[in-house]
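Residue-level listing of the chains:
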Amino acid sequence: MTIYFYKVWQPYGCFSNFSPHCIEIDGTHWPTVEHYYQAQKFVGSPDAVIIPFIHAASTPEEAAALGRCSNYQIRPDWDLVKITVMRAAVFKKFMTHPEIRQILLVTGDEMLVEDSPRDYFWGCGLDKSGENNLGKILMSVRTEIRQMISYSVISRKELSP
Ligand SMILES: Nc1c(N[C@@H]2O[C@H](COP(=O)(O)O)[C@@H](O)[C@H]2O)[nH]c(=O)[nH]c1=O
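Residues numbered from 1 in each chain as written. Predicted model: local features only at pLDDT ≥ 70, side-chain atom pairs only at ≥ 80, totals over all residues. Heavy atoms only, no water.

Observations concerning the overall build of the protein chain
Link 1 in the chain: Secondary structure summary: the protein chain contains seven helices and four strands in total.
Link 2 in the chain: Secondary structure of the protein chain in N-to-C order comes out as β-β-β-α-α-α-α-α-β-α-α.
Link 3 in the chain: For the protein chain, the C-alpha radius of gyration of 16 Å lies close to 15 Å, the compact-globule estimate for 161 residues.
Link 4 in the chain: A principal-axis box enclosing the C-alpha atoms of the protein chain has dimensions of 45 × 40 × 30 Å.
Link 5 in the chain: A buried classification covers 45% of the 161 residues belonging to the protein chain.
Link 6 in the chain: Partitioning the contacts of the protein chain with sequence separation of at least 6, the portion at a separation of at least 24 is 60%.
Link 7 in the chain: For the protein chain, the exposed surface amounts to about 8,500 Å²; the carbon and sulfur share of it is 58%.
Link 8 in the chain: Within the protein chain, one finds 16 positive and 18 negative side-chain charges whose respective centroids are separated by 5 Å. (Helix = DSSP H or I, 4+ residues; strand = E, 2+ residues; numbered from the N terminus. Rg over C-alpha atoms; globule rule 2.2 N^0.38 Å. Buried < 20%, exposed > 50% of the residue type's maximum accessible area, 1.4 Å probe, protein only. Contact = heavy atoms within 4.5 Å. Areas by Shrake-Rupley, 256 points an atom, 1.4 Å probe, with all protein chains shown as cover. Lys, Arg positive; Asp, Glu negative; His and termini not counted. Charge placed at Lys NZ, Arg CZ, Asp CG, Glu CD.)

Some details on the packing of helix H1 (residues 33-40) against helix H3 (residues 60-67)
Link 1 in the chain: One way to put it is that H1 packs onto H3 with a least axis distance of 8 Å and a crossing angle of 10°. One element, H1, and the other, H3, form an angle in the roughly parallel class. Listed contacts from H3 to Glu34, His35 and Gln38 of H1 are Pro60, Ala63, Ala64 and Gly67.
Link 2 in the chain: Taken together, the residues that form the contact of H1 with H3 break down as three nonpolar, three polar and one charged. (Axes fitted to C-alpha atoms, helices over the stretch in contact; angles between N-to-C directions. Parallel < 35°, antiparallel > 145°, perpendicular 65-115°, else oblique. Nonpolar A, V, L, I, M, F, W, Y, C, P; charged D, E, K, R; others polar.)

Regarding the UniProt feature "domain: NADAR" (unreviewed entry) in the protein chain
Link 1 in the chain: Per the UniProt record, "domain: NADAR" (unreviewed entry) is annotated on residues 4-146.
Link 2 in the chain: The annotated region residues 4-146 carries 43% helix and 8% strand content, and the separation between its end C-alpha atoms amounts to 21 Å. (UniProt positions renumbered as here; feature names shortened; annotations may be inferred.)

Details of unusual backbone geometry
Link 1 in the chain: The phi dihedral of Asp26 falls on the positive side, at around 50°, and the residue is not glycine.
Link 2 in the chain: Inspection of the secondary structure puts Asp26 in the loop between strand E2 (23-25) and strand E3 (28-30).
Link 3 in the chain: The backbone phi angle of Asn132 is positive, close to 55°, even though this residue is not glycine.
Link 4 in the chain: Mapped onto the fold, Asn132 is located in the loop between strand E4 (112-114) and helix H6 (133-150).

What follows is the structure in structure tokens.
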């Protein structure tokens, strides 16, 4: 059965990038995946000065609003790198937090879908025809973590559900 998720307070809310699970990437601590993802839009752009403000945003909603503000210029290669950026952050989130890693692993082989009514790229959109790239990333991270467990690359005790 397909698992739909979207808002943090709904079922499987920990799969949302807005969930309160911090990550550290390249030595910097980010309060949520969303903070990191929105900030990466401006790495190397003329508006990189916005990055510390996104980093310091008090909520992921605020970070997203800053990152989506059309007054600021996004890096030119964003469309080429955004899936890689998102996957690295989502992978780090589930490697960092064992309690949500377990929730991800126990979804088995179920299809995971970000049920966003507006987003046809990361989610499925209102009519469910969207690309669901966030769901695809979560399923790929789930497979990778399972492989790590079976190859014993990381401690079974630490990772097994
Ligand atoms: N979960 C969730 C959203 N979805 C998230 O928005 C991000 C895409 O942002 P952008 O590339 O700027 O359009 C991505 O992390 C996607 O998962 N959007 C929201 O406004 N509220 C929410 O609760």
